[in-house]
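One letter stands for each residue in the lines below.
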Amino acid sequence: MFLWHFIFVFIAWNDRVTRGFSDAHYYWAENYSLAEKSWFSFFSYGTDFVVWLNYPFIKLGIPFLGGFILYGLIGYFAFLNFIHWITLVLGTSVKFGKFNLLLLLFFWPNLHYWTAVLGKEALIFWSLSVLFLGFTTQQFKNLSFVIAVLLLPVIRPHVGLLLLVAGGLAYLITSETPFRTKLKKVFFLLPFAVILLYMVLRLSEIRYLDWERIVRFNRGSVLSFSDSGSYVPMETYSWFYRMISFYFRPFLWEATSFRTVIVGLDNLIYLILHGIALVFLYRYYAKLKLIRLPFWWYTAVFFSLFCGMVFIYRYANFGIFMRTKIMYAPFMVVALLWLSLELKNITVLNKSKN
């Protein structure tokens, strides 16, 4: 898998060099000079924080490719965390006939590509993989978990906020403590939610809560993609088709090149997994009450749902749909597989008893 991942590192690097401009160029100060800028002039949240992290390496003279290799290593270690978490939750094999479905997760092309890029995605995926591992093992005091808790909201406050809300709802549903105690703990999270919301407003330059201003800002964001090659006219769609577009497009028949065929297959598999889970839910719905859905499961599902509900009003481009997908889809896929397996196992167990 190491070799597979670093194939994508060089593909991602070559893509950015060929294009000549990208976010990666900014993160590694390729299109401006750091000569008159101090290290701590970048000590903020969002994009500037990534430059702050990179500043010492840039000053050491590490080239652009070296930056990709560095972030590729972060993405690779994120995959190791992800695989560790998967094996805890699902075991080492989920068979479909003779094929181990987990291989699709371990060698997921879109996921490898975006975590091989010099940018926020490798750091975000590393943080999320550590957090979901912690949610599952209930080990919150190790250094990796603490770094992930701090790193995720500093790089992308809106993602931190969505995960916080998802986790809060999951806790209310799964905790067996008295309801009043649960509410007290959830209210304890409110100051952190307010801080993250403030950071989001500052980064978006909305500055204060004004619904009309938020709507205008989101509309401007969507329309900013109108000149891109893979623009999606989200404003013309119904809410339902916006959600379908965000989660599952481009469809395979919308492919225009070899790469978009790969992307289309990626989305097709993701759609099929959702379909299988829905069939299992419909067929074995009565068995659902026999399953104790864990905290991590609810968090993954709520997080995926909230990402869709928010980003359909912000994004309108197939490329950014796929880039955003690496935040929620890996954990949602594991949740779908876990639920399908649990429903199947309960059914088999009941049949054996009868």
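Report on the accompanying structure. (Residues numbered from 1 in each chain as written. Predicted model: local features only at pLDDT ≥ 70, side-chain atom pairs only at ≥ 80, totals over all residues. Heavy atoms only, no water.)

### Considerations on the overall build of the chain
Stage number 1. Helix and strand content of the chain: 15 helices and two strands.
Stage number 2. In terms of C-alpha radius of gyration, the chain reaches 21 Å, essentially the compact-globule figure of 20 Å for 354 residues.
Stage number 3. Counting only C-alpha atoms, the chain reaches 75 × 50 × 45 Å along its principal axes.
Stage number 4. For the chain, buried positions account for 48% of its 354 residues.
Stage number 5. In the chain, the share of contacts with a sequence separation of at least 24, taken over all contacts with a separation of at least 6, comes to 75%.
Stage number 6. For the chain, the exposed surface amounts to about 18500 Å²; the carbon and sulfur share of it is 68%.
Stage number 7. In the chain, 31 positive and 15 negative side-chain charges are present, and the distance between their average locations comes to 13 Å. (Helix = DSSP H or I, 4+ residues; strand = E, 2+ residues; numbered from the N terminus. Rg over C-alpha atoms; globule rule 2.2 N^0.38 Å. Buried < 20%, exposed > 50% of the residue type's maximum accessible area, 1.4 Å probe, protein only. Contact = heavy atoms within 4.5 Å. Areas by Shrake-Rupley, 256 points an atom, 1.4 Å probe, with all protein chains shown as cover. Lys, Arg positive; Asp, Glu negative; His and termini not counted. Charge placed at Lys NZ, Arg CZ, Asp CG, Glu CD.)

### Some details on the packing of helix 7 (residues 120-137) against helix 14 (residues 295-311)
Stage number 1. It is at 8 Å that the axes of helix 7 and helix 14 come closest, and there the two elements cross at 145°. In contact with Leu 128, Phe 132, Phe 135 and Thr 136 of helix 7, helix 14 contributes Phe 295, Trp 296, Thr 299, Ala 300 and Phe 303.
Stage number 2. Residue classes in the contact of helix 7 with helix 14 are distributed as seven nonpolar, two polar and no charged. (Axes fitted to C-alpha atoms, helices over the stretch in contact; angles between N-to-C directions. Nonpolar A, V, L, I, M, F, W, Y, C, P; charged D, E, K, R; others polar.)

### A closer look at unusual backbone geometry
Stage number 1. Arg 249 connects to Pro 250 through a cis peptide bond whose omega is 10°.
Stage number 2. A positive phi angle, close to 55°, is found at Ala 29, a residue other than glycine.
Stage number 3. Position of Ala 29 among the secondary structure elements: in the loop between helix 2 (23-27) and helix 3 (47-59).
Stage number 4. When its relative accessible area of 13% is taken as the criterion, Ala 29 is described as buried.
Stage number 5. For Gln 138, which is not glycine, the phi torsion reads 60° and is therefore positive.
Stage number 6. When you line up the elements, Gln 138 lands in the loop between helix 7 and helix 8 (143-155).
Stage number 7. By relative accessible area, which is 48% here, Gln 138 ends up partly exposed.

### Describing the layout of surface pockets
Stage number 1. Looking at the second largest pocket, its volume works out to about 1100 Å³.
Stage number 2. Forming the walls of the second largest pocket are 30 residues, and the residues nearest its centre are Phe 135, Phe 145, Val 149, Leu 164 and Leu 189.
Stage number 3. At eight residues, helix 10 (residues 179-204) tops the list of elements feeding residues into the lining of the second largest pocket.
Stage number 4. When grouped by side-chain class, the residues that make up the lining of the second largest pocket number 22 nonpolar, seven polar and one charged. (1 Å grid on protein atoms, 1.4 Å probe; cavity = no way out; pocket = protein on both sides within 12 Å on 5 of 7 lines; lining within 4 Å. Points joined across faces, edges and corners; volume = space filled by probe spheres on them.)

### Structural notes on the packing of helix 8 against helix 9 (residues 157-174)
Stage number 1. At a minimum axis distance of 5 Å, the contact between helix 8 and helix 9 shows a crossing angle of 125°. Accordingly, the angle class assigned to the pair helix 8 and helix 9 is oblique. For the pair helix 8 and helix 9, the contacting residues are Leu 152, Pro 153, Val 154 and Ile 155 in the first and Pro 157, Val 159, Gly 160 and Leu 163 in the second.
Stage number 2. Taken together, the residues that form the contact of helix 8 with helix 9 break down as seven nonpolar, one polar and no charged. (Parallel < 35°, antiparallel > 145°, perpendicular 65-115°, else oblique.)

### Observations concerning helix 13 (residues 258-283)
Stage number 1. With 26 residues, helix 13 ought to run about 38 Å at 1.5 Å a step, and its terminal C-alpha atoms sit 37 Å apart, in line with that.
Stage number 2. If you check which residues of helix 13 are buried, you get Gly 264, Asp 266, Asn 267, Tyr 270, Leu 273, His 274 and Ala 277. (Expected span 1.5 Å × (residues − 1).)

### Side note on helix 9
Stage number 1. Relative to the 26 Å expected for 18 residues at 1.5 Å per residue, helix 9 spans 25 Å between its end C-alpha atoms, a close match to the ideal helical length.
Stage number 2. Among the residues of helix 9, Pro 157, Val 159, Gly 160, Leu 161, Leu 162, Leu 163, Ala 166, Gly 167, Gly 168, Ala 170, Tyr 171 and Thr 174 are the ones counted as buried.

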